[in-house]
Amino acid sequence: MEPANLLLAITDAMVVQNGTIALQHITFRLYQGQQWAITGEPETAKNRFLQAVAGKVAISQGIIQHHHATEYLQDAAGNEGYRSHHDLVAYVPFHHHFRSKNNTQNFYYQQRFNSADADDAATVRELLNTIQPKHGNIHWTPERAIALFNLEKLADKALIKLSNGETRRLMLATALVKNPALLLLDNPLVGLDVETRGRFDNILQTIIQSGIHVIMTTTIREIPDCVTHIAVIQNDTIAAQGPRDTINLDKYQQPAAGGNYALPDTLRHSISTLFRQRGQQPMKNPIVALNDITVRYGDKLILDKVSWRVEQGEAWALKGHNGAGKSTLLSLINGDNPQAYSNDITLFGRRRGTGESIWDIKKQIGYVSPELHQYFPKNQAVLQVVLSGYFDTVGLFRQVTPLQREAALQWLQLFGLADAVQQRLVQLSPDRQRLCLLARAVIKNPNLLILDEPCQGLSPQHREFFKALVDEIHGASDTTIIYVSHYQEDIPSCVQRSIKLDQGKVVEKTT
Ligand SMILES: Nc1ncnc2c1ncn2[C@@H]1O[C@H](COP(=O)(O)OP(=O)(O)OP(=O)(O)O)[C@@H](O)[C@H]1O
């Protein structure tokens, strides 16, 4: 007989993915009143842990018992309808799966910037109103969830129009409106700005006080105060678990997270060779010149008289809160926003709207962003994804040369993805998918690298690796860099200039 306060029991579970063991010997108990953080590395294993509890991946050995649902399932006896413990579990994944109103298509990546296309998308409130908890115990109404996540001003906005951070907040609200007993959060702080992260502990407290139990994956640096218990994953199993004050987290911090990561000499050599191999065409300055840029959708002003000049070889941080206008600004530079034509923009020494094609612009730019990651078709092989970076397409539709193929394999090797070359992107965990897209961004040795939250969801080790890589690329070439991050410590040291937006206005510039 299990104790009455045992809510979830996992016993000797194993998860196998693509023929490889992702997790094994997992034994875990969640008791009433406990809130758990699952930390450690790799991201894949943490992610699979949550997915196994959520029932998104099957365990191939062991048992998972949802005792929290016992009463709910017993109540069903004789009742209409099918009941499952899934009704009481809400899982917030890294990526959203919001669909258009007619439910037939996913959004596409530039859709947001073509506002006329957005009519098919439900609004925030409409989406929340469609969620019907299967049980009668409703505390979290759509309005309460909107208030908790500060979504009031966005409530009547189409989902597609939301910024990355706004979307993350909506995903959390969506899960809450399901009124779950168990809330599973996959890296919930990722993509949130400093202010929202500061409020996150209070938000979680409020959720917990309403009777919900939380299990979240997170990095060691970001375990919220209200977490009572910690499990540390190492490789494919739980290396330590227990009450928060009994776990010596220092033991599990990767040394690389200290910020002194140095690329091994062999890697540095490979990078400068890869960059020299292709060379860059001489460029006309300025790389970017924006003059009094204004972007508006309906009566909403998104960018308000923004001026900014970026010269070749400069490295800039683009800062600002969620919804400040950063991605919109970048969409003007990388050719994804039709409002570029009605503004005074010069790119790579040429005024926009003077006969250049979008492809002329894109071929100068290596780009990665949360939106690109979200919408990138994930059924292609990793090698193809990286190779598509040569052609600025989101799929590989052309023949590649043996040299290009060789370079792609080298980049994959550098990014630690050599074992995944033939796998489809979807088979990789989100952090490895991100690495693959980063390799895709750098492969053609672009004149301008636009890195919009490139480290989002990466492990501390991968983050440090990537920062060192950007420094190396910047040192080895005169690549211009625009870098967006909500974490100061994620910005590589070569990035010395910064511009900050607040509600679409430039409020700070450091040159
Ligand atoms: N087509 C559109 N119609 C109306 N509003 C829009 C549209 N596209 C974007 N917005 C709004 O413009 C604002 C700026 O969005 P943007 O994605 O540029 O922000 P951001 O600074 O990149 O935010 P984050 O840090 O969350 O990624 C947001 O409030 C967003 O909801």
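Parameters at a glance
- Residues numbered from 1 in each chain as written.
- Predicted model: local features only at pLDDT ≥ 70, side-chain atom pairs only at ≥ 80, totals over all residues.
- Helix = DSSP H or I, 4+ residues; strand = E, 2+ residues; numbered from the N terminus.
- Rg over C-alpha atoms; globule rule 2.2 N^0.38 Å.
- Buried ≥ 20, exposed ≤ 12 C-beta atoms within 10 Å, placed from the backbone.
- Contact = placed C-beta atoms within 7 Å.
- UniProt positions renumbered as here; feature names shortened; annotations may be inferred.
- Pairing = 2+ DSSP bridges.
- Near = placed C-beta within 6 Å.
- Domains from an automatic or database assignment.
- Expected span 1.5 Å × (residues − 1).
- pLDDT = per-residue confidence, 0-100.
- Core = buried A, V, L, I, M, F, W, Y, C linked by C-beta atoms within 7 Å.
- Axes fitted to C-alpha atoms, helices over the stretch in contact; angles between N-to-C directions.

A. A look at the overall build of the protein. Helix and strand content of the protein: 14 helices and 19 strands. A compact globule built from 511 residues would reach a C-alpha radius of gyration of about 24 Å, and the protein, at 23 Å, matches this within 12%. Overall, the C-alpha framework of the protein stretches about 75 × 55 × 40 Å when taken along its three principal axes. Within the protein, the fraction of its 511 residues that count as buried is 45%. A fraction of 71% describes how many contacts in the protein between residues 6 or more apart in sequence connect residues 24 or more apart.

B. Focus on the UniProt feature "domain: ABC transporter" (unreviewed entry) in the protein. What UniProt calls "domain: ABC transporter" (unreviewed entry) maps, in this numbering, to residues 8-260 and 288-511. End-to-end, the C-alpha atoms of residues 288-511 are 15 Å apart, and along that stretch the chain is 31% helix and 26% strand.

C. Fine view of the pairing of strand β13 (residues 344-347). Where strand β10 (residues 288-297) lies against β13, 4 bridges are found, and the strand directions are antiparallel. Opposite A289, over in β13, you have T346 as the bridge partner. Relative to strand β14 (residues 350-351), β13 runs antiparallel, the two sharing 2 bridges. When the bridges of β14 are listed, L347 appears paired with R350. Linking β13 back to β14 in an antiparallel pair, the connection comprises 2 residues, with F348 at a positive phi of about 50 degrees.

D. Looking closely at the site of the ligand. What surrounds the ligand is a group of 22 residues, the closest being S163, G165, Y297, G323 and S327. Residue assignment for the shell around the ligand shows that the elements contributing at least two residues are α5 (164-177), β11 (300-310) and α8 (326-333). Taken domain by domain, the shell around the ligand gets at least three of its residues from each of domain 1 (6-253) and domain 2 (265-283 + 312-325 + 363-510).

E. Quick look at helix α13 (residues 430-442). End to end, α13 covers 19 Å across 13 residues, agreeing with the expected 18 Å (1.5 Å per residue, within 8%). Extensive coverage of α13 is indicated by the burial of 13 of its 13 residues.

F. Quick peek at the domain arrangement of the protein. If you check the domain split of the protein, you get domain 1 (6-253) and domain 2 (265-283 + 312-325 + 363-510). Relative placement of domain 1 and domain 2: their C-alpha centres are 28 Å apart. Taken together, the 24 residues of domain 1 in the interface contact 20 residues of domain 2. Looking at the side of domain 1 that touches domain 2, the elements that each hand over two or more residues are α1 (43-54), α5 and α6 (194-209).

G. Local environment of the pairing of strand β2 (residues 20-31). One ladder, built from 8 bridges, connects strand β1 (residues 6-17) with β2; its direction is antiparallel. Within the sheet, the bridge partner assigned to L6 lies in β2 and is Y31. In sequence, β1 turns back onto β2 through a hairpin of 2 residues, with N18 there showing a positive phi of about 50 degrees.

H. Spotlight on the confidence of the model for the protein. With 90% of its residues at a pLDDT of 70 or more, the protein has an overall mean of 88. Counting interchain partners and residues more than four positions distant, the pLDDT-below-50 stretch residues 102-106 has 4 contacts. The ipTM for the predicted assembly is 0.98, set against a pTM of 0.87.

I. Just unusual backbone geometry, in detail. Put simply, E41 and P42 share a cis peptide bond, and its omega is 0 degrees. Note on placement: P42 falls in the loop between β3 (36-41) and α1. One non-glycine residue with positive phi stands out, namely D12, at about 45 degrees. Topologically, D12 is positioned in strand β1. Judged by the 12 C-beta atoms lying within 10 Å of it, D12 is exposed.

J. Representation of the nonpolar core in the model. If you look at the biggest cluster of nonpolar residues, it comprises 71 residues, and the most contacted ones within it are W316, V386, W411, C436, A439 and Y483. Tallying contributions element by element places α13 first for this core, with 7 residues. Excluding its chain neighbours within four sequence positions, the residues that come into contact with V386 are A408, W411, L412, C436, A439, R440 and I443. Counting residues in each nonpolar core, the second largest holds 63 residues, with V15, I26, W140 and V214 among its members.

K. Structural view of the environment of I146. Relative to the assigned elements, I146 resides in helix α4 (residues 142-148). A C-alpha to C-alpha distance of 11 Å links I146 and L127, two positions 19 residues apart in sequence. Not counting the four nearest positions on each side in its chain, I146 is found in contact with L128, L151, E152, A155 and A173.

L. Examining the sheet that holds β13 more closely. Read across the sheet, 4 strands follow the order β11-β10-β13-β14 without closing on themselves; strand pairing throughout is antiparallel. With one partner strand each, in any of the chains shown, β11 and β14 form the two edges of the open sheet. The sheet contact formed by β10 and β11 spans 8 bridges and is antiparallel. Bridge pairing links L290 to W308 in β11. Against the sheet, α8 touches β10, β11 and β13, its axis set at about 60 degrees to β11.

M. View of the sheet that holds strand β17 (residues 480-484). Here 6 strands make up an open sheet; going across it, the order is β15-β16-β17-β12-β18-β19 and the pairing mixed. The open sheet has two free edges, formed respectively by β15 (365-368) and β19 (505-510), since each of these has just one partner strand. Geometrically, the sheet is characterised by an average inter-axis angle of 15 degrees between neighbouring strands, direction not taken into account. Judged from the 4 bridges that link them, β15 and strand β16 (residues 448-452) form a sheet pairing that is parallel. Residue pairing in the sheet places G366 in a bridge with L449 of β16. In the packing of α8 onto the sheet, the strands contacted are β12 (315-319), β16, β17 and β18 (497-502), and the crossing angle to β16 comes to about 155 degrees.

N. Quick peek at α8. A large share of α8 lies buried, amounting to 8 of its 8 residues. Burial in α8 covers these residues: K326, S327, T328, L329, L330, S331, L332 and I333. Once α8 ends, the next one or two residues include G335, with phi positive near 85 degrees.

O. Representation of the environment of A158. Examined against the element boundaries, A158 turns out to sit in the loop between α4 and α5. Residue classification places A158 among the buried residues on the basis of 23 C-beta atoms within 10 Å.

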